[in-house]
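# A structural walkthrough
For reference, the chains in residue letters:
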Amino acid sequence: MAIETTTMTKDPILKVEHLSMRFGGLMAINDFSFEASRGDITALIGPNGAGKTTVFNCITGFYKPTMGMITMRQRSGKEYLLERLPDFEITKQARVARTFQNIRMFSGMTVLENLLVAQHNKLMLASGYTFLGLFGFPAYRQASKQAIELARHWLEKASLIDRADDPAGDLPYGAQRRLEIARAMCTEPELLCLDEPAAGLNPRESHALNDLLQGIRRDTGTSILLIEHDMSVVMGISDHVVVLEYGQKISDGNPEFVKNDPKVIAAYLGVEDEEVEEVIEQIEEIEGEQGGTKQ
Ligand SMILES: Nc1ncnc2c1ncn2[C@@H]1O[C@H](COP(=O)(O)OP(=O)(O)OP(=O)(O)O)[C@@H](O)[C@H]1O
């Protein structure tokens, strides 16, 4: 398996070691290891059914892995073994947030309300888990004000501020995707996991998504781990790409390295390694002929 070594030396925020996940007779993930560096955008790619979402589900606590260790190391140096934590603690304590392949939000609530719900834990804490919130207790009032400010901040960043009072379900698809990301950012994560954020977006919306993700990384230092099929997003914004095929890692490195790795080309074209050069030659020939006939 090809590994580009320069990506291995930075400060890791997430370490996945020897991860395996079995569903009955199917080994969906088989001894998979990789690291994501702090402050990086790391992409997890691979053909359909390779096991990407299963890896995400193990990291975010939706599945308990059959084997392996997943370590999240916060900026403070505090470490969490994610495979041992329930999903709500992974968000609350370890500060890992995620979005889903299928958009999940409260479509009848307003855009702003969706971001306030995401801050429910903080508000409950400020209310002392009692009725103090209803009586306007100062600590609760202060926490509510901060929650609204944070929500408005992320609505601005996601270019959704003008839609704050509209029902979330009325937003166009691309805006709903950005709302999900804004909602995840309201939990103030150190690691943001995005499952196919560009799925179903048109090129203009993909471009807006790229800007939002690069802005998040630049302005907050939040590390991003994303599963994505849209190669313009992956190659455009990732610092590091990890490739899965049949539950195993086949390549790991920077976008340029991975893009040119024969194993990756073979996996995407659905051919054996040895056939790659032959297939690439055939493609170049066809492209050459098309170029010739276009004139
Ligand atoms: N809960 C489950 N029960 C049984 N099999 C599952 C379960 N979840 C995933 N699988 C299987 O595990 C394998 C990997 O699936 P997974 O969804 O992780 O792949 P993926 O790379 O995310 O695919 P895609 O790009 O199509 O979303 C597939 O064969 C899938 O059918």
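In this text, all values refer to a predicted model and were calculated from it rather than measured experimentally. (Residues numbered from 1 in each chain as written. Predicted model: local features only at pLDDT ≥ 70, side-chain atom pairs only at ≥ 80, totals over all residues.)

## Some points on the site of the ligand
For the ligand, the full set of nearby residues is Phe23, Leu26, Ala28, Gly46, Asn48, Gly49, Ala50, Gly51, Lys52, Thr53 and Thr54. Counting only elements with at least two residues in the shell around the ligand, the list comes to β3 (26-37) and α1 (52-59). For the shell around the ligand, the leading source of residues is α1, giving three residues. Across the shell around the ligand, the residue classes tally to four nonpolar, six polar and one charged. (Near = placed C-beta within 6 Å. Helix = DSSP H or I, 4+ residues; strand = E, 2+ residues; numbered from the N terminus. Nonpolar A, V, L, I, M, F, W, Y, C, P; charged D, E, K, R; others polar.)

## A look at the domain arrangement of the protein chain
Assigned domains within the protein chain: domain 1 (11-95 + 189-284) and domain 2 (104-187). Counting residues at the interface gives 15 residues for domain 1 and twelve residues for domain 2. Broken down by secondary-structure element, the contributors of at least two residues to the side of domain 1 that touches domain 2 are α2 (87-92), β8 (191-195) and α7 (203-220). The biggest single contributor to the side of domain 1 that touches domain 2 is α7, with six residues. (Domains from an automatic or database assignment. Contact = placed C-beta atoms within 7 Å.)

## Some points on unusual backbone geometry
In this structure, Asp31 is a non-glycine residue whose phi angle is positive, near 55°. Along the chain, Asp31 turns up in strand β3. Take Asp31: there are 14 C-beta atoms within 10 Å of it, and that puts it in the partly exposed class. For Glu188, which is not glycine, the phi dihedral falls at a positive 50°. Among the structural elements, Glu188 can be located in the loop between α6 (173-185) and β8. (Buried ≥ 20, exposed ≤ 12 C-beta atoms within 10 Å, placed from the backbone.)

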